[in-house]
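A structural walkthrough
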Amino acid sequence: MPIDNGIRAFAITEQIDETPTIRTVHLDGSMHAQPGQFVMVWVPGKDEFPMSVSYPGELFGITYKVAGEGTRHLSVMKPGEKIGVRGPYGKGYSIEGESILAVAGGTGMAALAPMVDLAVASGASVDVVLGARTQSELLFRTRCERSGAAVHITTDDGSDGSKGLATDKARELLEAGDHDMMYTCGPERMIVGLLELSGTTGVPMQASLERYMKCGIGICDSCAIDGKHVCVDGPVFSHEVLSKLSDLGRTRLNPSGGRIPIE
Ligand SMILES: Cc1cc2nc3c(=O)[nH]c(=O)nc-3n(C[C@H](O)[C@H](O)[C@H](O)COP(=O)(O)OP(=O)(O)OC[C@H]3O[C@@H](n4cnc5c(N)ncnc54)[C@H](O)[C@@H]3O)c2cc1C
């Protein structure tokens, strides 16, 4: 797909509270993106930041958690107000396999939900492990259930589903099932755990990574990880590439280019 450097203005049509801390903003135009691709969102006068396309197509939307200045301003914008959008960018998930396991932690479900929708629509059997801190923070549970996926809940505090980590539930399902592909997006420590499981079970995986980004098109080097640019080589990487990234789960670059540990 050719890179589109043009920024387009989109008016906000509505903001929906998905959880107490996560919102979806829908925009008045379409965005034809592959599952896992992202856009650069410009909040005028504040900041520009990457966001997965959680609703591709005519109902174009992104789903976000307030992290800093840009998302804080976005969260108080009203229908009719405009933001700028560049993209879609990057390499998304490649939909393969007939029996799929998708593992999402927190806002990671924003990137995975379009993949789940498409995989179910194309006839695959899909298990989704949806992990969150607590019940009220489970993102897109109803959307996944409606699409026809089997949803397995894990919460850190045990308020819904199994108490514990999404990786524990993923291990249980991988050992009991016949999955032929695993997809994930979420905290990097979870991705590292799933990569180990991919190695022990032999089930290949694709994971979407997050790194600080400025240009989104492979020029500025802000999102570099072991010689790869998350913006153009990813954000979705295969287990072959992930297993060679020595910085995975360990360090990332901050906005000034300094190396900092991943919490
Ligand atoms: C490909 C991609 C897709 C993403 N999709 C989503 C999404 O769908 N929903 C969502 O809520 N967030 C998503 N993010 C993360 C989001 O881009 C950051 O939280 C964003 O920078 C927030 O902008 P801000 O101006 O509010 O905060 P900033 O002021 O830019 O940042 C606030 C804090 O978050 C840190 N930070 C910034 N960017 C990142 C990053 N990429 N990874 C880790 N820490 C970061 C900063 O160092 C700072 O400490 C995605 C990131 C990438 C790379």
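Relevant structure appears above.
Here the structure is a predicted model, which means the values were calculated and not measured. (Residues numbered from 1 in each chain as written. Predicted model: local features only at pLDDT ≥ 70, side-chain atom pairs only at ≥ 80, totals over all residues.)

So, on to the environment of Met-31. Summarising the element assignment, Met-31 is placed in the loop between strand S2 (22–27) and strand S3 (38–43). Judged by local crowding, Met-31 falls into the buried class, with 21 C-beta atoms found within 10 Å. Counting along the chain gives 127 residues from Met-31 to Gly-158, while the straight-line C-alpha distance between them is 37 Å. (Helix = DSSP H or I, 4+ residues; strand = E, 2+ residues; numbered from the N terminus. Buried ≥ 20, exposed ≤ 12 C-beta atoms within 10 Å, placed from the backbone.)

A word on the site of the ligand. Within the structure, the ligand sits among 26 residues, and Phe-49, Ala-67, Gly-68, Gly-70 and Thr-71 are positioned closest to it. At the level of elements, strand S4 (47–55), strand S5 (61–65), helix H1 (69–75) and helix H2 (108–121) are the ones that each hand at least two residues to the shell around the ligand. Of the residues contributing to the shell around the ligand, the split by class is 14 nonpolar, 7 polar and 5 charged. The residues that make up the shell around the ligand include at least three from each of domain 1 (7–89) and domain 2 (99–261). (Near = placed C-beta within 6 Å. Nonpolar A, V, L, I, M, F, W, Y, C, P; charged D, E, K, R; others polar. Domains from an automatic or database assignment.)

This part covers the sheet that holds S5. Strand order in the closed barrel formed by 6 strands is S1-S2-S5-S4-S3-S6, and the pairing between neighbours is antiparallel. Averaged over all adjacent pairs, the angle separating strand axes in this sheet is 45°, with direction ignored. Across 4 bridges, S3 lies against strand S6 (residues 82–89) in antiparallel orientation. Looking at S6, one finds that Val-41 is bridged to Val-85. (Pairing = 2+ DSSP bridges. Axes fitted to C-alpha atoms, helices over the stretch in contact; angles between N-to-C directions.)

The omega torsion of the bond from Gly-87 to Pro-88 falls at 10°, within 30 degrees of zero and hence cis. Locating Pro-88 in the fold gives a position in strand S6. The residue after Gly-234, namely Pro-235, is reached through a cis peptide bond having omega 10°. By the element assignment, Pro-235 lies in the loop between helix H6 (230–233) and strand S15 (236–238). Despite not being glycine, Phe-140 shows a phi value in the positive range, around 60°. Secondary-structure assignment places Phe-140 in the loop between strand S8 (125–132) and helix H3 (141–147). When the 25 C-beta atoms within 10 Å are taken as the criterion, Phe-140 is described as buried. With a phi angle near 50°, Asp-226 is a residue other than glycine that sits in the positive phi range.

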